[in-house]
Structures are given as C-alpha cells and as structure tokens.
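Each chain, letter by letter, is given below.
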Amino acid sequence: MIGLSRLTRRRLLTRQHEGTVHGDSYVSPLRGLELPRSGLIHRFACARFGDRAIELRSDTQLAVFMEQYFRADVVDIREHVPSFTSHTTAIALRTGLRHPGGPTKPDVLLTDLVVTLQKDGVVKEEAILTRHAGSASNHAFQTECALLESYWVQCGATFTVCRRDGANSPLTANLCWLFPVAEQIVRSGLTDMQHRAQRVLLDELFHHDHVTVREACRSAAQRGSLPAGASVGAFRQLLAMQALVADLSTRDLFCLPPAAFTVNAPRAPD
C-alpha cells in the first residue's frame, strides 16, 4: 500500500469485489499509473490465463510471477488482489493489531499475487506477498503480513512472503527467456517442422558424444538440415514445455552438458 494516493485508496474501496472474480474475467483493481512501483512496471498479455492483460509493479513481482507461471498445477494467477476491509478490520480488532489507515478509514490491503492450483480435481489458492530480498521488515510490514495471513487463512488459502533479488537473477532471466515461447505454444501450438527439430535435437543430446548443449544444437542443425535457428528454438520449446528439465538457475544453459537434463512427457498447453 505504500505510495498510494488517497484518491487511489478510495477507488480501491469501490473495487474490492473484483478480488472475488476468477479466471479470464479478472481485472486488476490497480491500473496503469495507479500502481505503486518499486521498479519497472511490466505489462503483457498472458494467453495461458485467458489472454488477459497482466500488470506487475516491480521486478520482484515479475520474478515471482514467472516462477508460478511455470508450475505445472497452476491454472490462474491474479495480481494485486484487494481484501475486504470489513474482514481485515475485524481481524485487527480481534488480534489487537493496528489496521493501516485506522479503524474508521481503513486502507484496502492488497495481495501481490494469488495463485490458483488444481490437482486431481482439488482446487486451492496460495496468496503471495512479494518483497525484494534486500528490503527491511519494519513494523508496518509485519503488521500487514499478519493481517493478510489471517485474512487468507480465513478464506481457505495459504499465505507466504516471497523475497527475490529482482529480474536479474539467472533463474528469472531464464524464465523470462522461456515465457514468450510457452505463450506462443499456447496460442498456436507447434508446426511439423518444429516437432522434427525437437526430435533431431533430442537424438543429438542423448545419443551422440557432445560436451555442451551448444555443440548439440550446432550438430543437430547440420545433421538434420534444419533451418537457421531451428535447433535453438527447439531447445527453448522443450524447456518451456518442461519436456527437458534442468536447473534453470544456471547462468548459461547452453554450457550445460546433456547429462544435466532429464526428459519428461511434455506438458500439454492449457
């Protein structure tokens, strides 16, 4: 809530109900210049979640969003979800915590990301507050966390605080590199040529003596007479579909040996 004007806070009071909307119809209650920011604002359409617009207010939120996006059981991610002040003020009164804004004009508490997961027919939600790894945990932040944790537990969800170093960590950089490929697969699927390039590359990785993925990509392009860039594109697609699995916190994935990868059945596009 830090950085919000009084006018924006009043608008949030009228948009609290939007936090109950799920799926394609969800619209973040904070829009454009209303977003408090601690870095770049990231705006993009997300085909996996109904092609709706996503707006994230910091590199830290982007890092956590990307990690959640590539979880296999995730079916939706909502950003900047408002809580109902009637609930949070009741929690503050019950627990003796001071509600931001006071009891008469309480601020709307926002949760950075709410992730919906579905596995074996069971749906559950995880609420996430994001903070930069180097930021301090002052008393106001601890109070906000305590109120939001009680609120989300009351709603039947879990609550966590994720601290990240922003968008420049190797893991986040690699996930951002894979994100547009994953989105393209959701939108358009794969062509016969792309499927063939993937088969050729997998054969190179696991049946020939290559020291690195970079060498395997070069050899696949030559042996399979693939178009320029097709083998590298196949590598990205296989990682994005999680058909190839490796430690994505590695700074240069092309320097990894084939033994660093395992093969899974590709995840079907949502």
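This one's a predicted model, so the numbers in the text were calculated from it and none came from an experiment.

### A look at unusual backbone geometry
The phi dihedral of aspartate 51 falls on the positive side, at around 65°, and the residue is not glycine. Its location among the elements puts aspartate 51 in the loop between β1 (42-46) and β2 (52-56). You will see that serine 225, though not glycine, has its phi angle at about 50°, which is positive. Relative to the elements of secondary structure, serine 225 occurs in the loop between α7 (213-223) and α8 (230-240).

### Some details on the packing of aromatic side chains
Describing an aromatic ring pair means giving the distance of the ring centres and the angle of the ring planes. All told, the structure shown has 10 aromatic pairs when counted by the stated rule. Note on phenylalanine 44 and phenylalanine 179: the rings are 5.3 Å apart at their centroids and 70° apart in plane angle, and the pair reads as edge-to-face. Placement of the pair is phenylalanine 44 in strand β1 and phenylalanine 179 in helix α5 (residues 170-188), with a sequence separation of 135 residues. Centre to centre, the rings of phenylalanine 235 and phenylalanine 261 are 5.7 Å apart; their planes meet at 75°, and the pair counts as edge-to-face. You can see phenylalanine 235 sitting in helix α8 and its partner phenylalanine 261 sitting in the loop between β7 (244-245) and β8 (262-263), a full 26 residues away along the chain. Members of the aromatic cluster, connected to one another through ring pairs, are Phe44, Phe49, Phe65, Tyr69, Phe70 and Phe179. Positioned above the aromatic ring of tyrosine 69 is the side chain of arginine 48, whose terminal nitrogen or guanidinium carbon lies 5.1 Å from the ring centre.

### Digging into α7
Along α7, the residues that are buried comprise Val213, Ala216, Cys217, Ser219 and Ala220. The inward-facing, buried residues of α7 abut α6 (192-207) and α8. Serine 225 sits one or two residues past α7 and shows a positive phi near 50°.

### A word on the sheet that holds strand β3 (residues 74-82)
As summarised here, the arrangement of the 4 strands in space is β3-β4-β5-β6, forming an open sheet in which the pairing is mixed. The two strands at the open ends of the sheet, each matched to only one other strand, are β3 and β6 (158-164). The sheet shows a mean angle of 30° between the axes of neighbouring strands, direction not considered. Across 7 bridges, the pairing between strand β5 (residues 122-132) and β6 is parallel. Bridge pairing in β6 places leucine 129 opposite valine 161. Together, β3, β4 (110-119), β5 and β6 form the strand contacts of helix α4 (residues 139-154), whose direction differs from that of β6 by roughly 145°.

Each value, and the rule that gives it
Residues numbered from 1 in each chain as written. Predicted model: local features only at pLDDT ≥ 70, side-chain atom pairs only at ≥ 80, totals over all residues. Heavy atoms only, no water. Helix = DSSP H or I, 4+ residues; strand = E, 2+ residues; numbered from the N terminus. Phe/Tyr/Trp six-rings, centres within 6.5 Å; stacked < 30°, edge-to-face > 60°. Lys NZ or Arg CZ within 6 Å of the ring centre and 35° of its normal. Buried < 20%, exposed > 50% of the residue type's maximum accessible area, 1.4 Å probe, protein only. Contact = heavy atoms within 4.5 Å. Pairing = 2+ DSSP bridges. Axes fitted to C-alpha atoms, helices over the stretch in contact; angles between N-to-C directions.

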